[in-house]
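# Coordinates in review
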Amino acid sequence: MYDVVLLTLGSERDAPGGCGSGGACCGGATEAATDPKSQPDTGQPDTGQGAPAGGDTERCATERPRVPVLACSDALIARGARVEMVTARSDAEIDAVLARLDGPARPDGLTWPDLDGKTRLVVATASDGQLRAVLRRLVRRYAPAPSKRPADLPGNRTLPDLPPVAVLPLDPARGGTHRDLAAQLGLPRDPAAVAAAVVDGTVRRLDLLRNDGGSVTLDGALLGAADDAGRPLHWRARVEVDDTVLTNGDEPLLACVVGNAGGYATLDDVTLLTAPDPTDGQIEVAVAVPVVVRSALGRKRVRLEVRRARGRAVSVLPREGKVPYLDDGVEGELTRKRSWWIEPGAWAVWSS
């Protein structure tokens with residue numbers, strides 16, 4: 001039978017400052033923490049093979065397992081699994097768990113996942129940012145440096161198939177109006193159903209977005225901000241999807257969405273993304289541009305023009321100042337060019 005590790009990260013409720021907020025514990029990091037050019041020398045070794053380690057030293061804290069975690073553990077044990085509950089309070093503790101998913105030694109010396117292993121991982125998440133934190137560590141562990149790229153790596157990928165994870169949502173409300181990624185993917189939310197998926201379910205492979213700031217995106221990123229009254233603020237940037245330029249940076253923008261799934265498909269009552277699909281091998285990108293038009297009587301009014309494109313990669317180059325964003329629910333500020341690219345089918349979940 002399977003050895004199952006139930007991994008919990010500190011939740012927004014349990015951790016001071018709130019996991020998942022910029023610069024806080026294992027849910028995300030600020031721009032300074034994810035941009036390799038702005039990371040200080042922390043004196044910590046790089047635990048990945050091709051990605052910088054600096055800044056990725058978030059810490060978490062929780063005192064005891066939450067009720068859904070205990071219920072999932074009981075359900076797994078009832079199905080014959082050997083269960084260990086782990087609370088990770090640092091990236092090093094996350095890495096120690098992920099090391100159990102390693103495959104046998106390779107002749108080229110690369111650390112590679114064992115997709116046929118008997119150890120399965122369940123990540124208990126209070127936010128999409130926490131799930132992203134675990135996936136980011138998986139990428140750092142298994143992505144080879146460009147100079148060590150093996151011949152058996154797919155040509156359209158920079159990393160191997162990552163081991164599947166089961167997602168145990170800790171917030172039932174996130175499956176309702178404000179849907180988290182698990183709800184969008186139709187994954188089980190009940191602890192017993194999650195346990196059944198781990199033991200008897202199937203693997204569902206999904207696309208992953210990597211970016212040149214050293215992080216990953218599972219759902220999507222929303223760039224832009226509003227003032228205290230809720231009015232969107234104008235900003236400028238060059239946005240390019242493959243060879244298509246959605247805006248060259250000379251006109252104001254209200255928002256830009258980089259979508260893998262549908263978490264940011266709409267903004268208020270405006271549809272930004274039409275068909276985001278985390279299994280189609282493409283990024284869907286949209287920009288919302290305010291355009292002044294004149295009526296037949298010569299009166300001016302502003303309408304919102306949404307421009308969309310799909311492709312393998314997108315770059316956003318801010319033209320002035322800082323651009324606030326949400327990436328998988330984690331806050332940050334974009335101060336320089338940022339590029340995202342798609343890794344088709346790179347990560348996977350256990351599904352019923």
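Read on for a plain summary of the structure. All figures in this text were calculated on a predicted structure; none of them were measured in a lab.

Conventions we followed
Residues numbered from 1 in each chain as written. Predicted model: local features only at pLDDT ≥ 70, side-chain atom pairs only at ≥ 80, totals over all residues. Heavy atoms only, no water. Helix = DSSP H or I, 4+ residues; strand = E, 2+ residues; numbered from the N terminus. Buried < 20%, exposed > 50% of the residue type's maximum accessible area, 1.4 Å probe, protein only. Contact = heavy atoms within 4.5 Å. Salt bridge = Lys/Arg side-chain N within 4 Å of Asp/Glu carboxyl O.

## Description of the environment of Pro 150
Here Pro 150 is to be found in the loop between α4 (128–142) and β4 (165–169). Judged by relative accessible area, Pro 150 falls into the buried class, the value being 7%. In the structure, Pro 150 is positioned 42 residues away from Asp 108 in sequence and 7.9 Å away in space, judged by C-alpha atoms. Leaving out residues up to four positions away in the same chain, Pro 150 has contacts with Arg 106, Asp 108, Leu 110, Trp 112 and Pro 144.

## A short note on unusual backbone geometry
A positive phi is found at Asp 268, a non-glycine position, where the angle reads about 55°. Tracing the chain through its elements places Asp 268 in the loop between β11 (266–267) and β12 (270–271). The phi torsion at Asp 328 lies on the positive side, around 55°, for a residue other than glycine. On the secondary structure map, Asp 328 appears in the loop between β16 (323–327) and β17 (330–334). Exposure remark for Asp 328: the relative accessible area of 4% places this residue in the buried category.

## A short note on the pattern of salt bridges
Pairs can form between side chains of opposite charge once their charged atoms are near each other. Scanning the model with the defined rule gives 23 salt bridges in all. Taking the shortest distance from any N to any O, the salt bridge between Arg 157 and Glu 343 comes out at 4.0 Å. Of this pair, Arg 157 sits in the loop between α4 and β4 while Glu 343 is found in strand β18 (residues 338–351), placing the two residues 186 residues apart along the sequence. Judged by its relative accessible area of 6%, Arg 157 falls in the buried class. Among the residues examined, Glu 343 registers a relative accessible area of 1% and is labelled buried. Arg 231 is the salt-bridge partner of Asp 227, the closest N and O atoms lying 3.1 Å from each other. Linked through salt bridges whose partners overlap, the residues forming this network are Arg 157, Asp 161, Arg 205 and Glu 343.

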